[in-house]
Structures are given as C-alpha cells and as structure tokens.
Amino acid sequence: MARSKTPPPAALLASPDDVEAQFYEALQHGDLDKLMAVWCDDDDIACVHPGGGARLSGAAAIRASFEAVFATGPIPLQPHSVRRMHTLGCAVHHVVERIALIDDKGLHSAWVLATNVYLKTAQGWRMAVPHASPGSP
C-alpha cells in the first residue's frame with residue numbers, strides 16, 4: 001500500500017478546518033501527495049466521488065482514483081457554504097462546491113454537494129470520508 005512518505009507537520013492539521021483547507025488546496029493544484037497526507041491512517045477510510053460509481057475503501061484505492069483524476073489536471077474547485085458539526089473527536093462538514101468548467105462555449109459552473117468527515121487522531125485531525133454527489137447551490 002503506497003503512502004505519502006512525508007506527512008505534513010501536525011500543526012498544519014490542528015483543526016478540521018486546516019485539514020479541509022489542505023484537501024481543497026491539493027485538489028486545486030493536482031497535488032496527490034499533499035492530498036493523501038490529510039487522510040487518517042486507517043484501513044476503513046472511504047471516498048465517494050461526485051460522478052457516481054463505487055465506494056472506494058482504503059488508501060491504495062483512494063490514491064489510485066485521485067491519480068486517475070489528476071491525470072487530466074488539477075480540479076478547479078472552490079468550497080462554498082460550509083456547515084460544520086463538531087464533537088471532541090469527530091467533525092462533519094457539509095460543503096457546496098463550485099467547479100469552474102471552461103469549454104468552447106465559455107465558462108460554466110458545476111455544483112457538487114459534499115459531506116466531509118474528519119476524525120481526531122494521535123497525528124491531529126485527519127480526513128476519514130469525503131462523500132460527494134452532483135448538486136446545485
């Protein structure tokens with residue numbers, strides 16, 4: 001199972017908001033190592049991409065899926081309208097995401113509804129599950 005060799009310092013992931021910011025920055029820059037560094041070190045992590053398909057389980061499957069996504073370039077994604085629910089060891093953020101798409105007809109927006117689940121670990125806050133589906137603002 002391939003894992004990032006240089007995880008970010010725990011101070012960078014001191015809160016669920018820090019994890020979320022690093023996750024979206026990694027998506028926007030197509031940075032696979034930075035993206036994988038935000039995940040929990042647990043076999044039960046999962047991911048559901050907005051295009052549908054199967055639930056991905058485990059770091060190897062999640063890494064392979066994002067590697068395929070980044071093969072076409074970074075994701076021009078901006079989070080909006082974040083709603084947060086936090087407890088001592090778990091946080092759930094519901095996010096409206098806007099993706100800017102440019103084609104021969106100009107600029108278009110696509111909207112995604114995402115639920116991101118974060119857990120507090122010995123290494124700080126980490127992502128456990130992002131679940132996304134097509135949506136509207």
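Heads up: the structure comes first, above all this text.
A brief report on the enclosed structure follows. (Residues numbered from 1 in each chain as written. Predicted model: local features only at pLDDT ≥ 70, side-chain atom pairs only at ≥ 80, totals over all residues. Heavy atoms only, no water.)

Once that is clear, we can look at the pairing of strand 4 (residues 90–103). In the case of a regular strand, side chains alternate between the two sheet surfaces. Across eight bridges, strand 3 (residues 77–86) lies against strand 4 in antiparallel orientation. Bridged to H80 within strand 4 is V96. Taking the residues between adjacent antiparallel strands as the criterion, strand 3 and strand 4 are bridged by three residues. Here strand 4 pairs with strand 5 (residues 106–121) via 14 bridges, running antiparallel. Its bridge partner being in strand 5, C90 is matched across the sheet by L119. Remark: two residues form the turn of the hairpin made by strand 4 and strand 5, two consecutive strands paired antiparallel. (Pairing = 2+ DSSP bridges. Helix = DSSP H or I, 4+ residues; strand = E, 2+ residues; numbered from the N terminus.)

Where charged atoms from two side chains of opposite charge come close, those side chains can pair. Using the criterion set out here, one finds three salt bridges in the structure. We note a salt bridge from K34 to E25, for which the minimum N-O separation is 2.3 Å. Here K34 falls in the partly exposed class, since its relative accessible area comes to 25%. In this structure, D33 and R63 form a salt bridge, with 2.8 Å as the shortest nitrogen-oxygen distance. Taken together, the positions of D33 in helix 2 (residues 32–36) and R63 in helix 3 (residues 59–70) put the pair 30 residues apart, joining distant regions of the chain. Accessibility expressed as a relative area gives 43% for D33, which makes it partly exposed. Residue R63 is classed as buried on the basis of its relative accessible area, which comes to 16%. (Salt bridge = Lys/Arg side-chain N within 4 Å of Asp/Glu carboxyl O. Buried < 20%, exposed > 50% of the residue type's maximum accessible area, 1.4 Å probe, protein only.)

We now examine helix 3. With 12 residues, helix 3 should cover 16 Å at 1.5 Å per step; its first-to-last C-alpha distance of 16 Å lies within 8% of that length. Turning to helix 3, its buried residues number three or more, namely A59, I62, R63, S65, F66 and F70. The buried residues of helix 3 occupy one face: seen down the axis, they fall within an arc of 165°. Along its buried surface, helix 3 packs onto helix 1 (16–29), helix 2, strand 1 (46–47) and strand 2 (56–57). (Expected span 1.5 Å × (residues − 1). Arc of directions from axis to C-beta. Contact = heavy atoms within 4.5 Å.)

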